[in-house]
Amino acid sequence: MAAATVPANTSVILLDIEGTTTPITFVKDILFPYIRENLEEYLSDHWEEDECKQDVHLLKKQAEEDQRQNRACPVHTVDQTVHTDEEKAIREVVESVLWQMAADRKTTALKQLQGHMWRAAYHSGKIKGEVYQDVVPAIRGWRQRGMKVFIYSSGSVEAQKLLFGYSVEGDLLDLFDGHFDTNVGAKVESKSYERIAERIGCAPEEIMFLTDVTRG
C-alpha cells in the first residue's frame, strides 16, 4: 500500500481491499480459482441447507433482473423445490456463477455465495488472507492519531472479515471500526459515500478513500 498524505480535516480512513491492502494476485490467483474449482462440489454438499437455498434464490433474482434488462446471460430458471432435478439445477447455478465471474461482475448475489464458500476455506485453513507488509503499521498509525478506519470493498462484508480475520498476519479485525460492501452502492457512485458518511456519523469531506480504482 503506497504512502498517502492525509488531509488535516480527515477523521475517517476508508480502505479498498484489492490492490490497496491486498495484492490483486491474491484475488485473481487464489480466491477466484478456488470458487471455480470447488463450486459444483460445494453446491452438491450444501444444496439442502437454508443458507445455500438463500444464495441460490438471490442468484435467481439477479438472473431474472438481467433478463429484464436484456443482458446476454445464461437462462437461469432454478426453482429449488423437491420437484427440481437437483443435478440440473446445480449445473444451472454453476453456469450462472461462472458466467458472472468471467464478466467480472460485482453483484451482491454472486459475492454472497463466494463469501460463504471462502468462509469454509478460511475456517479449514485452505486459504489465508494476504495483506501488504505496510498495511498493519499504517492502520495502527492512523488509529494512534485518532482516526477511525473502515473497509469499503465490492467483496461482501463477510468475505472482508474472513480475509482480515484469517490473514497471514493473524486476526486483524480489531484494527477496523466497520465494513461496507455493495449494499451501500457501487464504488463509482457518489451516493455510496454519502450513505457511508451518514452511517459513520461524519461529513463526507472528513473521509479519505484509498483505492486503486481510478474511474470516477
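Placed above this text is the structure.
Presented here is an overview of the structure given in this document. What you are looking at is a predicted structure, and each value in this text was computed from that prediction instead of being measured. (Residues numbered from 1 in each chain as written. Predicted model: local features only at pLDDT ≥ 70, side-chain atom pairs only at ≥ 80, totals over all residues. Heavy atoms only, no water.)

Here we take up the overall build of the protein. Each helix and strand counted, the protein has 7 helices and 4 strands in total. Against the compact-globule benchmark of 17 Å for 216 residues, the protein has a radius of gyration of 19 Å, which places it among compact chains. Overall size of the protein, expressed as C-alpha extent along the three principal axes, is 60 × 40 × 25 Å. Long-range pairs, those at least 24 residues apart, make up 74% of the contacts in the protein with a sequence separation of at least 6. On the protein, roughly 11400 Å² of surface is accessible, and the fraction owed to carbon and sulfur atoms is 47%. Separation of charge centres in the protein, based on 25 positive and 36 negative side chains, amounts to 4 Å. (Helix = DSSP H or I, 4+ residues; strand = E, 2+ residues; numbered from the N terminus. Rg over C-alpha atoms; globule rule 2.2 N^0.38 Å. Contact = heavy atoms within 4.5 Å. Areas by Shrake-Rupley, 256 points an atom, 1.4 Å probe, with all protein chains shown as cover. Lys, Arg positive; Asp, Glu negative; His and termini not counted. Charge placed at Lys NZ, Arg CZ, Asp CG, Glu CD.)

Our next topic: the pattern of salt bridges. Enumeration over the complete set of coordinates arrives at 10 salt bridges. Of the charged contacts in the structure, one is a salt bridge between lysine 106 and aspartate 104, with a shortest N-O distance of 3.3 Å. A salt bridge links lysine 191 to glutamate 194; the nearest nitrogen and oxygen atoms lie 3.5 Å apart. Residue lysine 191 and its partner glutamate 194 are located together in helix α7 (residues 190-200), separated by 3 residues, close to a single helical turn. For lysine 191, a relative accessible area of 49% translates into the label partly exposed. Each of Glu51, Arg119 and Glu158 takes part in salt bridges that share partners, so that together they form one network. (Salt bridge = Lys/Arg side-chain N within 4 Å of Asp/Glu carboxyl O. Buried < 20%, exposed > 50% of the residue type's maximum accessible area, 1.4 Å probe, protein only.)

It is worth spelling out helix α3 (residues 86-102) at this point. Given a rise of 1.5 Å per residue, 17 residues ought to cover 24 Å, and the 24 Å separating the end C-alpha atoms of α3 matches this to within 8%. Listing the buried residues of α3 in full gives Ala89, Ile90, Glu92, Val93, Val94, Ser96, Val97, Gln100 and Met101. The N-capping residue of α3, defined by a side-chain oxygen 3.2 Å from the backbone nitrogen of glutamate 87, is aspartate 85. Where α3 terminates, the next one or two residues include aspartate 104, which has phi positive at roughly 55°. (Expected span 1.5 Å × (residues − 1). Polar contact = N/O pair within 3.5 Å; in protein donor to acceptor, adjacent residues only side chain to side chain.)

In this section: the pairing of strand β2 (residues 148-152). Here β2 lies mainly inside the structure; 4 of its 5 residues are buried. Here strand β1 (residues 12-15) runs beside β2; their pairing, made up of 4 bridges, is parallel. Across the sheet, residue leucine 14 finds its bridge partner in β2, namely phenylalanine 150. Alignment of β2 against strand β3 (residues 178-180), held across 3 bridges, turns out to be parallel. Looking at the pairing, phenylalanine 150 lines up with glycine 178 of β3. After leaving β2, the chain enters helix α6 (residues 157-165) and then returns to the sheet as β3, a path that is right-handed. (Pairing = 2+ DSSP bridges. Right-handed = clockwise from strand over helix to strand, strands pointing away.)

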